[in-house]
Amino acid sequence: AERSRCGTQLWTSRSAPAAGVGGSRPARLQTLGCRSRRSRMSAAGVSIEMTRSAGDSERFARDSSFAIMVNGLPGAMASEVARVVVERGLTLAPKALTGPSVPASSAKFGEAAVELVAPDSAEDALMDMLAKYPSLICIDYTHPSSANPNAALYARLGVSYIMGTTGGDEAKMRADLTDSAAFALIAPNMGKQIVAFQAAMRIMAEQFPGAFRGYSLKVTESHQSTKADTSGTAKAVVASLNAMGAGPLEVSEIEKLRTASESIGRLGVPEEAVNSGHAFHTYRLESADGTVAFEFKHNVVGRRVYAEGTVDAALFLAERRAASDSQRVFNMIDVLRAGAMR
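This is a predicted model, so every value here is computed, not measured.

Trainee: Just to check I follow, could you spell out the overall build of the protein for this structure?
Mentor: If you tally the helices and strands in the protein, you get 10 helices and 16 strands. Looking at the protein residue by residue over its 342 residues, the buried ones come to 51%. At a minimum sequence separation of 6, the contacts of the protein that also span at least 24 residues come to 66%. Roughly 15600 Å² of accessible area belongs to the protein as shown, and the carbon and sulfur atoms make up 51% of that amount.

Right, dumping it as structure tokens:
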């Protein structure tokens, strides 16, 4: 499959000699982000067109009680999500939680102005937005150190939320929701193709435990320098590969690249994406004698694919809440299974 800046490389296998690994190149899976709302995948002459339905967005846009509060502004990921909210015609809540050292007091997305609220006024801001928009959904893209305190606050106030911030304790978040009226969706990655890849790895681990027994595992991930924690996606995939007998590899052994020279030189990150936003991951498995190797890659440039998926997740959660679903905590695999990402 031919590599492009906006598209997907599916499984490929090349027989041309490659130095060091038994004379054959490893199989690869590579996914690149796309800013378009329509993407095309092709492999072996098969073309599949995927489009996103605007039905849910239009319905919630007409609901005056519904708004999406994007916490973490003016951060890059939160800002991209806010832009998608506005573009889809949904109501962007006029207040957002921000960090203690953020100098800005407001942000604007199209005609939507948002007041940025410091942590010491977070509860008052949430109560104000909940009173104005009873069907409020919060989206959290703050900081790893804020993930659990924010989740606990949402749960205590009964505010349903999407937790996109990585680095938190998910078990604690779920425990906080036990006696709460809130619904939540917690996921380390909001990009649907990558979520599908994670799910495939998990299914393989469940159905084929020990498939990679005896194989070494090396994982390298690269993000912009502002990402403080290890990739949540890498952690999830490593857990599945470990369950298949590879490694085992500890989370602390996942190699993080956060400098331009390493990201460009070692993983081929486009120079313009080093600081503006990227997520490159490589998982390499090799047999003990070095004659067989597998390499999985998913490389994303930009944040749009995550922002689109995040808003899809917010609409999915609003639907589940409106239906009084007995399940109240979800992940992105639930969204995929419901066909809620198009």
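That was the structure; now back to the text.
Trainee: What's the story with the sheet that holds strand β9 (residues 137–140) in this structure? I'm lost.
Mentor: Hydrogen bonds along the backbone pair up the strands of a sheet, which may run parallel or antiparallel. Here we have 5 strands laid out as an open sheet, ordered β5-β9-β10-β11-β16, and parallel in their pairing. The open sheet terminates on both sides in strands that have one partner only, identified here as β5 (68–71) and β16 (329–330). Relative to strand β10 (residues 160–163), β9 runs parallel, the two being bridged by 4 bridges. Bridged to isoleucine 137 within β10 is serine 160. Along the sheet face, helix α4 (residues 144–157) touches β5, β9 and β10 and points at about 160° away from the line of β10. Where helix α9 (residues 304–322) meets the sheet, it contacts β5, β9, β10, β11 (184–186) and β16, and its direction lies at approximately 150° from that of β10.

Trainee: Would you explain the layout of surface pockets in this entry?
Mentor: In this approach, a probe sized like a water molecule rolls over the atoms, and the result shows the empty space that is left. Here the largest pocket is characterised by a volume of approximately 1100 Å³. The wall of the largest pocket is formed by 50 residues, among which Met77, Tyr141, Thr142, His143 and Thr165 lie closest to the centre. Put simply, the parts of the chain that give the lining of the largest pocket at least two residues each are α2 (76–87), α4, α7 (232–243) and β14 (278–286). If you tally residues by element for the lining of the largest pocket, the top one is α4, at 6 residues. In the lining of the largest pocket, the residues fall into 22 nonpolar, 25 polar and 3 charged. Estimated volume of the second largest pocket: approximately 560 Å³. Together, 27 residues line the second largest pocket, and Glu170, Ala187, Pro188, Gln198 and Ala236 are the ones closest to its centre. Among the elements of the structure, α5 (170–176), α6 (192–207), α7 and α10 (332–337) are those that each provide at least two residues to the lining of the second largest pocket. Considering every element that reaches the lining of the second largest pocket, the biggest residue donor is α7, with 6 residues.

About the criteria used
- Chains are numbered independently. Their residues run from 1 in the order of the written sequence.
- Two thresholds apply to this predicted model, a pLDDT of at least 70 for residue-level local features and 80 or more for giving and counting side-chain atom pairs, whereas whole-chain, interface and lining totals are computed over all residues.
- Calculated side-chain values reflect all of the structure's heavy atoms, with hydrogen atoms and water omitted.
- Strands here mean DSSP runs of E at least two residues long; helices mean DSSP runs of H or I at least four residues long; both are numbered from the N terminus.
- The buried label applies to any residue whose accessible area, calculated with a 1.4 Å probe on protein chains only, is under 20% of its type's maximum; exposed applies above 50%, and partly exposed to all values in between.
- It only takes one pair of heavy atoms within 4.5 Å for two residues to be counted as in contact.
- Working definition of accessibility: Shrake-Rupley area with a 1.4 Å probe, residue cover restricted to the visible protein chains.
- We treat two strands as partners when DSSP finds at least two bridges between them.
- Fitting a line to C-alpha atoms yields each axis, with helices limited to the stretch in contact; the angle taken between N-to-C directions then spans 0 to 180 degrees.
- Of the two site types, the cavity is a set of points on a 1 Å grid over the protein atoms alone where a 1.4 Å probe fits but cannot get out, and the pocket is an open set with protein on both sides within 12 Å along at least five of seven lines, each lined by residues with an atom within 4 Å of a point.
- Grid points are joined across faces, edges and corners, and a volume is the space filled by probe spheres set on the points.
- Polar here means any residue outside two lists: the nonpolar Ala, Val, Leu, Ile, Met, Phe, Trp, Tyr, Cys and Pro, and the charged Asp, Glu, Lys and Arg; Gly therefore counts as polar.

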